[in-house]
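Coordinate analysis (summary)
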Amino acid sequence: MSNVSIRNLCVSLGGNRIIDKLDLEVAESEFLVLLGPSGCGKSTLLHSIAGLIDVADGSIAIGGADMTWADPADRRIGMVFQSYALYPTMSVEGNMSFGLRIGGTPKAEIQRRVQRAAEILHLESLLRRKPAQLSGGQRQRVAIGRALVREADVLLFDEPLSNLDAKLRAELRRELKLLHKNLRSTMIYVTHDQVEAMTLATRIVVMQGGKIQQIGTPESVYAKPDNLFVAGFLGAPGMNFLNGALACEAGRTGFSAGQVDLDVSAYAFNTAPSDGMAVVVGIRPEQIQIGDHGKLTGVVSLVEPMGNHEIVWIDYCGHSLAAIVQEMRGFKADDSVRFSVDAAKISIFGQADEMRL
């Protein structure tokens, strides 16, 4: 187990600066998830840590040792790719032990490591099979096992579940979380799937345009996004946004946008609000409560049944708001509903800089 320390990292590909002056500290035994849309630089960052991409500037240290220019084989890392990349003519055991055999590891040590990884990943009964005889989930477990047998200080995962169906993804997410719990290895995981990030991570690093937008626990990043990008990227359905202005008078802070008028006095501002300030209010769907106690009125435009809950879309003064209702209450399109907003949990951003207020 080792920590990873990245300082002032710059990476250029094809003459384009992909990552610019990035700093990141990954603690020992942490499960850090790099989250962001395609092209945000998360895989480039991971490949730089692995030594698969040369850096233009900055440093990468693993376990306190400078690995900026070290060969991938010398970095004591194990990597799992999006594609399984298994040798079709080799058995599961052969695939898992191949790197060790090439490296000259003694046979007894190879057998010990392969057996241990097979036990951890529940592959003991599959060691003699070829990849063609395995399911997608089993193949990905073999790819993970190939990384585990290296007994590396850091394990790197580059979207390893993206080729699997939804059921297998859920199963392997659970297995990966248990794997981290049992091994306490340092893991860095790349994904564009927010569900993977929220369920797996000790901390999430949200990236966009080669820069880190926010770092924090899944709970903190979701509840208190630092800017509009993070707020809009996390959440399904996404956060509801309303553009308007603040009105501060007589000890009350209000938000107005056309006919919309919300009391946001309970909101914990980072800086004192000013009257007339142009802002964007972000409301998570679960922060809208539908019920007779509500002071706001809207019309249901769409209902999405989700099994154990439903998503109700409300037309409110020309704005479409998504609300999550935890029980099936039989709402129908064109129903008039009353609702309220939990102003203490919403997010407010400045329109100018898109940063959290």
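Everything in this summary refers to the structure shown in the same document.

With that out of the way, let us pick up the overall build of the protein chain. Helix and strand counts for the protein chain stand at eight helices and 20 strands. If one aligns the C-alpha atoms of the protein chain with their principal axes, the spans along those axes are about 75 × 45 × 35 Å. In the protein chain, which comprises 357 residues, the share counted as buried stands at 48%. Relative to all contacts within the protein chain whose residues are 6 or more apart in sequence, the contacts with residues 24 or more apart total 65%. Accessible surface, the protein chain: about 16,600 Å² in total, of which carbon and sulfur atoms supply 50%. Charged side chains of the protein chain number 36 positive and 40 negative; the gap between the two group centres comes to 8 Å.

Before going further, it helps to spend a moment on the nonpolar core. Nonpolar side chains in soluble globular proteins tend to end up buried together. Membership of the largest hydrophobic core comes to 44 residues, with the highest contact counts inside it found for M96, I144, L148, F157, L176 and Y189. For this core, the element with the highest residue contribution is helix α4 (residues 136-148), accounting for five residues. Beyond its immediate chain neighbours, meaning those up to four positions away, L176 contacts F31, I144, F157, L161, Y189 and L200.

Bridge analysis of strand β1 (residues 4-13) against strand β2 (residues 16-26) gives seven bridges, and the strand direction is antiparallel. Note that in β2 the partner of V4 across the bridge is V26. Between β1 and β2, which pair antiparallel in sequence order, lie two residues; one of them, G14, sits at a positive phi of approximately 60°.

A few words on unusual backbone geometry. Here A236 and P237 are connected by a cis peptide whose omega angle stands at -5°. Examined against the element boundaries, P237 turns out to sit in the loop between α8 (228-233) and β11 (240-249). Positive phi outside glycine occurs at A85, with the angle close to 55°.

Quick notes on the rules
Residues numbered from 1 in each chain as written. Predicted model: local features only at pLDDT ≥ 70, side-chain atom pairs only at ≥ 80, totals over all residues. Heavy atoms only, no water. Helix = DSSP H or I, 4+ residues; strand = E, 2+ residues; numbered from the N terminus. Buried < 20%, exposed > 50% of the residue type's maximum accessible area, 1.4 Å probe, protein only. Contact = heavy atoms within 4.5 Å. Areas by Shrake-Rupley, 256 points an atom, 1.4 Å probe, with all protein chains shown as cover. Lys, Arg positive; Asp, Glu negative; His and termini not counted. Charge placed at Lys NZ, Arg CZ, Asp CG, Glu CD. Core = buried A, V, L, I, M, F, W, Y, C linked by side-chain atoms within 4.5 Å. Pairing = 2+ DSSP bridges.

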